[in-house]
Amino acid sequence: MPLLLVPALILLLVALVLLLWPLALWQRYRLGKARRRALPWVVALNAWASGVSLPLFVLAAWIGAQWIAGAAANALAGLLAGGLVGLLGLRLARFEREGAQLHVTPHPAIVLGPTVLVAARVLLAAGQAWHRAWHDAPLPLPWPWLADPASLWAMAGLLLGCHAVQAWGLRRRMRALRAR
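A short tour of the structure in this document, coming up. (Residues numbered from 1 in each chain as written. Predicted model: local features only at pLDDT ≥ 70, side-chain atom pairs only at ≥ 80, totals over all residues. Heavy atoms only, no water.)

## Let's talk about the packing of aromatic side chains
What counts here: Here a pair means two rings of Phe, Tyr or Trp (six-membered ring of Trp) with centres within 6.5 Å. Their orientation is stacked below 30 degrees between planes, edge-to-face above 60, and tilted elsewhere. A run of H or I in DSSP counts as a helix once it spans at least four residues, and a run of E counts as a strand once it spans at least two, with each numbered from the N terminus. Only protein chains enter the accessibility calculation, which uses a 1.4 Å probe; a residue is then buried when its area is under 20% of its type maximum, exposed when over 50%, and partly exposed in between.
Applying the stated rule across the entire model yields four aromatic pairs. Between the aromatic rings of F57 and W153, the centroid separation amounts to 5.7 Å while the plane-to-plane angle is 45°, which identifies the pairing as tilted. One end of the pair, F57, is in helix α2 (residues 40–64); the other, W153, is in helix α5 (residues 150–179), and 96 residues separate them in sequence. In this pair, the class of F57 matches that of W153, namely buried. Between W130 and W134, the aromatic rings sit 5.6 Å apart at their centres with planes inclined by 50°, giving tilted as the arrangement. Of the two residues, W130 and W134 are both situated in helix α4 (residues 108–135); the distance of four residues between them amounts to about one turn of the helix. Classification of W134 as exposed rests on a relative accessible area of 60%.

## Focus on helix α3 (residues 71–92)
Owing to its 3.6 residues per turn, the α-helix aligns residues three or four sequence positions apart on the same side. The condition that has to hold: To estimate how far a helix should extend, the number of its residues minus one is multiplied by 1.5 Å.
Taking 1.5 Å of rise per residue, 22 residues should cover 32 Å, and α3 covers 31 Å from first to last C-alpha, within 8% of that figure. Taken as a whole, α3 has its buried residues at A71, N74, A75, G78, L79, G82, G83, G86, G89 and L90.

## Overview of the pattern of salt bridges
The following threshold applies: Criterion for a salt bridge: a side-chain nitrogen of Lys or Arg within 4 Å of a carboxyl oxygen of Asp or Glu.
Per the counting criterion, the structure on display carries three salt bridges. The partner of R35 in a salt bridge is E98, and the shortest N-O contact between them spans 2.7 Å. You can see R35 sitting in the loop between α1 (2–32) and β1 (36–38) and its partner E98 sitting in strand β2 (residues 94–98), a full 63 residues away along the chain. According to the relative accessible area criterion, R35 is partly exposed, its value standing at 38%. Between R94 and E96 there is a salt bridge, and its shortest N-O distance comes to 2.9 Å. Residue R94 is classed as partly exposed on the basis of its relative accessible area, which comes to 48%. Within the structure, one salt-bridge network assembled from shared partners comprises R35, R94, E96 and E98.

Next comes the structure, spelled out in structure tokens:
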């Protein structure tokens, strides 16, 4: 009898995660667009960590391209698109200076976009798994590129590129503020 509790608890945990996922997405959006103080050491740590992550990501994509066709190209395209979104995010963000402190309020659309993209990609993967389990065939999509595993590299590149450009842009803006 106690052995039956383990699968029941695992199933309950999965159900709980699925039920709380919309709340987690809402919280991500709500907190992501909130005004926050830019702490210099956190901004510098974010910028340098993204600077380390970028070459590691490109190296991993190059290695992954040995098994997944188009992984490196999709990763680089995602990085480029993410960089452009990051520049747009810096342009649309509101920066407020209070003495020597800088406060940042990201634009809601720049926060909502990646959140919706990640949610849509997770739902697409769940739909693909469900369709393959019941019909033993891939899910027919209007854009077959989305079903390709290399599209995950593009999604990761988009998120990483956006974060890296925003982190380095914020660091640059803080250094200019400190120089004044």
